[in-house]
Amino acid sequence: MEEQTKLDMSARLTKKERSWVMYDWANSAFATIMMAAVFNAFFTGLVPNQRGDYFWSLGVSVATLIVAVSAPILGSFADYKGFKKKLFAVYLALGLVATALCAISDTWQVLLIAYVFAFVGFSGSCLLYDSFLPDVTTPARMDKVSGWGYAMGYIGGSTIPFVISIVLIQFGGHFGVDKTLAVKLSIWITVIWWGLFTIPFFKNIHQDSFVERPKTGAVRQAFTNIFRTAKKIGAMKGLLFFLLAYFFYIDGVGTVISLATSYGTVLGLTMVGMILALMVTQIVAFPFSILFSRFAKKIGSLNMITVAVGMYVVICVVGFFMGFIIERQEIPAKLAALSAQGITVQNSGNLTAINAALQNAKIEDTAWNLTPAYVSAVHTSQVLFWVLATMVGMVQGGIQALSRSYFGKLVPPANSGEFFGFFEIFSKFAAIIGPALYALVKGITGRSSFSILSIILLFAVGLVLLTVGRKQMKTE
């Protein structure tokens, strides 16, 4: 007990904690290069007839469904003595081999299949990695360790390999490296980075909490454990409400991240500008992921998660004004251009209808977008985009790290795999509502500003559920 108290008070991370944190540093290269910034754009350009985005979204959906459905099964088997690390190794190997295949093949169908397997390997290894948190530290230090994990992921895997890749893609031509070769080299960098920095994890992390594997009927028992865990979650009202809150607010977080690039394009931000803004987000996220864990120690994890959700409400409001400022000048300018051609739009407040009329009339952009008021609005919104990138960086890592550690405190260590399997389900299926809500509002209004404003609904529901869950925790 005295040793644990000393550990809880220690400012330094232990060897086990540092080794666990390093896997965030290692796997973030895949998240940035393969999922977010390089490989997806390369793949989209390979597919003929401009159908790259269709097949990419289809592949991501299939991979996400596989991970979500298999997560509780994986978690249940992982809780058996000696299984968690072995399963981690299997999923890591799957991710590394499939990612390497993406650097070897030139056929888009093979690349898509390889990416699906790589995504499954990446996600499965992350699930198992998260479930090791109770094995590497004490409940009192989980916020700190989880925060350092996300911080190192942002400053390491999400920044260094990304910068190298962008340099190769942008300037490789000066050294005889075309863009295809640059992308392939970026993928190899991902494989090497991911594999190399996972070595400390294998050397120093062990499964200390577990359930004994039954001598017979281990498979049947694993499936029985899944239903038992589901019942436990239903009975633990505080945990259940937290998972439901997490489902909604993490969907909002994911929607803001996934739609930031397309929203920036609408605002007229260049690709270079968006890459730089992404870099700002990653750099800012590093210190704030650590700061969130320190504040959580003083005022409580749940309070800091609530603060972060509230901050995302503000982010959505800023995002709304970014788009609204442009649309306020864009709509009358486009209507004036149409009116000059004798064309009247019945639904004059719907940008989709206005854009369709412009396209049918074959009116070029330069016919309306050079008015002083519109140019000024674009410049103002571009400045706000940088403000938004900074704000997202302040809370993105913190809310993810504290959600992981707070959940880790609530679950029994011996069954952490099973519980984190359900955590993964809520995380993966949470990627559905936000984009659908955004698309629905955009379809009705034709305005991106109203679409980004609608995402507040997800954070509002999350806040309500967090409040109810807090009350349940006090009564349990």
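Residues numbered from 1 in each chain as written. Predicted model: local features only at pLDDT ≥ 70, side-chain atom pairs only at ≥ 80, totals over all residues. Heavy atoms only, no water.

**Examining the overall build of the protein chain**
- Helix and strand content of the protein chain: 21 helices and 0 strands.
- Across the 476 residues of the protein chain, 52% fall into the buried class.
- Per element, the accessible surface of the protein chain, about 21100 Å² overall, is 68% carbon and sulfur. (Helix = DSSP H or I, 4+ residues; strand = E, 2+ residues; numbered from the N terminus. Buried < 20%, exposed > 50% of the residue type's maximum accessible area, 1.4 Å probe, protein only. Areas by Shrake-Rupley, 256 points an atom, 1.4 Å probe, with all protein chains shown as cover.)

**Description of a nonpolar patch on the surface**
- A surface patch of nonpolar side chains, about 630 Å² in accessible area, is lined by Leu101, Ile104, Val110, Trp188, Ile192, Leu196 and Ile199.
- Contributing elements (two or more residues each) for the nonpolar patch: helix 5 (83-104) and helix 10 (179-196).
- In terms of residue count, helix 10 provides more of the nonpolar patch than any other element does, 3 residues in total.
- Relative to the helices and strands, Leu101 is located in helix 5. (Patch = residues over 30% accessible without salt bridge, like charges linked within 9 Å, V, L, I, M, F, W, Y side chains within 5 Å. Salt bridge = Lys/Arg side-chain N within 4 Å of Asp/Glu carboxyl O.)

**Considering the environment of Leu65**
- Tracing the chain through its elements places Leu65 in helix 4 (residues 52-78).
- Residues Leu65 and Phe429, spaced 364 residues apart in sequence, show a C-alpha to C-alpha distance of 8.0 Å.

**Thoughts on the pattern of salt bridges**
- All chains considered together, the criterion is met by 8 salt bridges.
- Here Arg404 ties to Asp130 by a salt bridge, and the two come within 3.0 Å at their closest N and O atoms. With a gap of 274 residues between them, Arg404 in helix 17 (residues 372-410) and Asp130 in helix 6 (residues 108-131) connect regions that are remote in the sequence. Neither residue differs from the other here; Arg404 and Asp130 are each classed as buried.
- Beyond isolated ion pairs, a larger network of salt bridges with shared partners links Asp24, Asp130 and Arg404.

**Some points on a positive patch on the surface**
- A grouping of Arg12, Lys15, Arg18 and Lys203 is seen on the molecular surface, where their side chains present a positively charged patch.
- Residue position: Arg18 is located in helix 2 (residues 15-37).
- By relative accessible area, Arg18 is classed as partly exposed at 41%. (Lys, Arg positive; Asp, Glu negative; His and termini not counted. Charge placed at Lys NZ, Arg CZ, Asp CG, Glu CD.)

**Things to note about the environment of Val284**
- Structurally, Val284 can be placed in helix 14 (residues 271-299).
- Ignoring any residue separated from it by four or fewer positions in sequence, one finds Val284 in contact with Thr390, Gly393 and Met394. (Contact = heavy atoms within 4.5 Å.)

**What to know about the nonpolar core**
- Formed by 120 residues in total, the largest nonpolar core has its most connected members in Trp20, Phe39, Phe43, Phe242, Tyr249, Tyr312 and Phe407.
- Residues Ile331, Leu338, Ile354 and Leu358 belong to the second largest nonpolar core, which totals 7 residues. (Core = buried A, V, L, I, M, F, W, Y, C linked by side-chain atoms within 4.5 Å.)

**Section: the side chain of Ser105**
- Examined against the element boundaries, Ser105 turns out to sit in the loop between helix 5 and helix 6.
- A polar contact of 3.1 Å, which involves the side chain of Ser105, links it to the backbone nitrogen of Thr107.
- Those residues in contact with Ser105 that lie beyond four places of it in its chain are Val110, Leu111 and Lys184. (Polar contact = N/O pair within 3.5 Å; in protein donor to acceptor, adjacent residues only side chain to side chain.)

**Some words on the packing of helix 15 (residues 301-340) against helix 17**
- Two elements in contact, helix 15 and helix 17, have axes separated by 8 Å at closest approach and are oriented at 160°. In terms of orientation, helix 15 lies roughly antiparallel with respect to helix 17. Like other packed secondary-structure pairs, helix 15 and helix 17 cross with a definite hand, here left-handed.
- Among the residues forming the contact of helix 15 with helix 17, the class breakdown is 27 nonpolar, 7 polar and 2 charged. (Axes fitted to C-alpha atoms, helices over the stretch in contact; angles between N-to-C directions. Parallel < 35°, antiparallel > 145°, perpendicular 65-115°, else oblique. Left-handed = near helix turned anticlockwise from the far one by under 90°. Nonpolar A, V, L, I, M, F, W, Y, C, P; charged D, E, K, R; others polar.)

**What about the packing of aromatic side chains?**
- This model, assessed by the stated rule, comprises 37 aromatic pairs.
- With a centroid separation of 5.5 Å and 15° between ring planes, the pair formed by Trp25 and Trp193 is classed as stacked. Note that Trp25 is positioned in helix 2 and Trp193 in helix 10, a separation of 168 residues in sequence. The pair formed by Trp25 and Trp193 is uniform in burial state, with each residue classed as buried. (Phe/Tyr/Trp six-rings, centres within 6.5 Å; stacked < 30°, edge-to-face > 60°.)

**Topic: the side chain of Gln396**
- Take Gln396: it is sitting in helix 17.
- At a separation of 2.8 Å, a polar atom in the side chain of Gln396 contacts the side chain of Tyr154.
- Here Gln396 is in contact with Tyr154, Ile257, Thr281 and Tyr312, once residues within four sequence places are set aside.

**A closer look at the confidence of the model for the protein chain**
- In this model, the protein chain carries an average pLDDT of 84, and 90% of its residues clear a pLDDT of 70 or more.
- Here helix 1 (residues 2-9) stands out as the least confident element of the protein chain, with mean pLDDT 51; helix 5 is the most confident, with 95. (pLDDT = per-residue confidence, 0-100.)

**Details of the packing of helix 2 against helix 3 (residues 39-46)**
- In contact at an axis separation of 4 Å, helix 2 and helix 3 are set at 30° when each is read in the N-to-C sense. Between helix 2 and helix 3, the angle falls in the class roughly parallel. Contacts from Ile33, Met34, Met35, Ala36 and Ala37 in helix 2 reach Phe39, Asn40 and Ala41 in helix 3.
- Across the contact of helix 2 with helix 3, the residue classes tally to 7 nonpolar, 1 polar and no charged.

**Some remarks on helix 3**
- Of the residues making up helix 3, those classed as buried are Phe39, Asn40, Phe42 and Phe43. Along the axis of helix 3, the buried residues cluster in a sector spanning 160°; they form a single face. (Arc of directions from axis to C-beta.)

**Focus: the environment of Ala37**
- You can see Ala37 is positioned in helix 2.
- The exposure class of Ala37 is partly exposed, given its relative accessible area of 26%.
- For Ala37, the residues in contact, after removing those within four places along its chain, are Thr32 and Phe162.

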